[in-house]
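# Structural characterization, general
Chain by chain, the residues run as shown.
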Amino acid sequence: MSVQFKKAVRENVRLLIGMAGGTGSGKTWSAMRLASGISGGKPFAVIDTENGRAQHYADNFAFDHANLHAPFRPDAYWDAIKTADEAGYPVIIVDSMSHVWSGDGGVLDWQEEELDRMAGNDWKKRETCKMAAWIKPKIAHKQMVQKLLQVRAHLILCFRAEQKIEMIREDGKTKIVAKQSLTGLDGWIPVCEKNLPFELTASFLLTADAPGMPKPIKLQEQHRKLFPLDKPINEESGRLVAEWASGGTPTTTSAPKQTPPVRQPHTTPPNAVTTGQGGAVGGGGSKAESHPDDAEPASDELLEELGAAFMDRTWSDDKQSELMMKLSDAATKHGKPAITRWDQC
């Protein structure tokens, strides 16, 4: 078979973007802001392994939702993603992609099941079979990743991150320090197969001390101007990276709008179907809500929310992160420094 070459042209690039973070880091909110920008305001799909938590943002973004339940096998993930892709959604968010690795019935559980099947309670035999027990789960995971690279929609994968420590010897003494990793920062490491973040177009670590602020795991030179590290990930980054992916030359606007998108009425793609996992990829319209484009950064409503945050520290980390990012966006929109900590408010 002859091989033919032609001039390389950047066009119709499929984006795979990863966001990893612990509780309160703003990964779900940031993923939805990015998806809104990439989709140009069209409804996107969310595959939710977190017992419906993505629906907390149903009033802020236009998206269709499907639950994915255990066992979290790679094939189950692929079936849900394939269903959303065939339904014609421009962007698909998977929240969380960590369950396919460490969730109930995920790769780690599957390896243990294989070990039980091969060796039972014979502990000597278990040591012998430990490596062989990885074969089926790892092959299935690798096949899933290869299929993700063929999806027509843009993919945003959310990962949990956990803080890890390790013991080292220094000057003859044992010290406990934050675990060092190519995919981590200050001991925060994404919960996933170790090479997966590098398979993606770009991947970021988010932390609770600065919700939504990207800390690159993988960010190539041509993408650096699309994701400024001094601002939260937002719709503008989504618009720019979508323009780049389509073959255009991304240009920043003079005054990018960074407030959450208004949830507009939309029609579910005509070929949307259910996933069989307790939810539908598609289904249900949404009501329009008004939101003033020219609102001042410190509106009465925002001040009331801020006051409530200080008075009631029982708010969830996600709620406080959402509020902090709203305040940060309002500040940067009016030329003020981004807010990343409560003591800056």
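So, here's what we can say about the structure. Model, not experiment: these values are computed from the prediction.

## Concerning the environment of Pro-197
With respect to the secondary-structure elements, Pro-197 resides in helix 7 (residues 196-199). For Pro-197 and Gly-18, which are 179 residues apart along the polypeptide, the C-alpha to C-alpha distance reads 6.6 Å. Once residues within four sequence positions are removed from consideration, Pro-197 is found in contact with Thr-183, Cys-192, Ser-203, Ile-217 and Lys-218.

## Details of the pairing of strand 2 (residues 44-48)
The two faces of the sheet receive side chains in turn, since in a regular strand these alternate between them. Within strand 2, five of the five residues are buried, which leaves it mostly tucked inside the rest of the structure. Sheet topology places strand 2 next to strand 3 (residues 63-67); five bridges connect them, and they run parallel. Bridge pairing links Phe-44 to Phe-63 in strand 3. With four bridges joining them, strand 2 and strand 4 (residues 91-95) adopt parallel strand pairing. Within strand 4, the position partnered with Asp-48 by the bridge is Asp-95.

## So, the packing of helix 4 (residues 107-119) against helix 6 (residues 135-148)
Their axes nearest at 8 Å, the elements helix 4 and helix 6 cross at an angle of 150 degrees. Between helix 4 and helix 6, the crossing angle belongs to the class labelled roughly antiparallel. Every residue of helix 6 that contacts helix 4 at Val-107, Trp-110, Gln-111, Glu-114 and Arg-117 is listed here: Lys-136, Pro-137, Ala-140 and His-141. Class assignment of the residues belonging to the contact of helix 4 with helix 6 gives a composition of four nonpolar, two polar and three charged.

## Remarks on the environment of Asp-109
Its place among the elements puts Asp-109 in helix 4. Taking the C-alpha atoms as reference points, Asp-109 and Phe-72, separated by 37 residues in sequence, lie 9.5 Å from one another. In contact with Asp-109, other than residues within four places in its own chain, are Gly-103 and Asp-104. Polar contacts involving the side chain of Asp-109 include one to the main-chain amide nitrogen of Gly-105, which spans 2.9 Å.

Calculation rules
- Residues numbered from 1 in each chain as written.
- Predicted model: local features only at pLDDT ≥ 70, side-chain atom pairs only at ≥ 80, totals over all residues.
- Heavy atoms only, no water.
- Helix = DSSP H or I, 4+ residues; strand = E, 2+ residues; numbered from the N terminus.
- Contact = heavy atoms within 4.5 Å.
- Buried < 20%, exposed > 50% of the residue type's maximum accessible area, 1.4 Å probe, protein only.
- Pairing = 2+ DSSP bridges.
- Axes fitted to C-alpha atoms, helices over the stretch in contact; angles between N-to-C directions.
- Parallel < 35°, antiparallel > 145°, perpendicular 65-115°, else oblique.
- Nonpolar A, V, L, I, M, F, W, Y, C, P; charged D, E, K, R; others polar.
- Polar contact = N/O pair within 3.5 Å; in protein donor to acceptor, adjacent residues only side chain to side chain.

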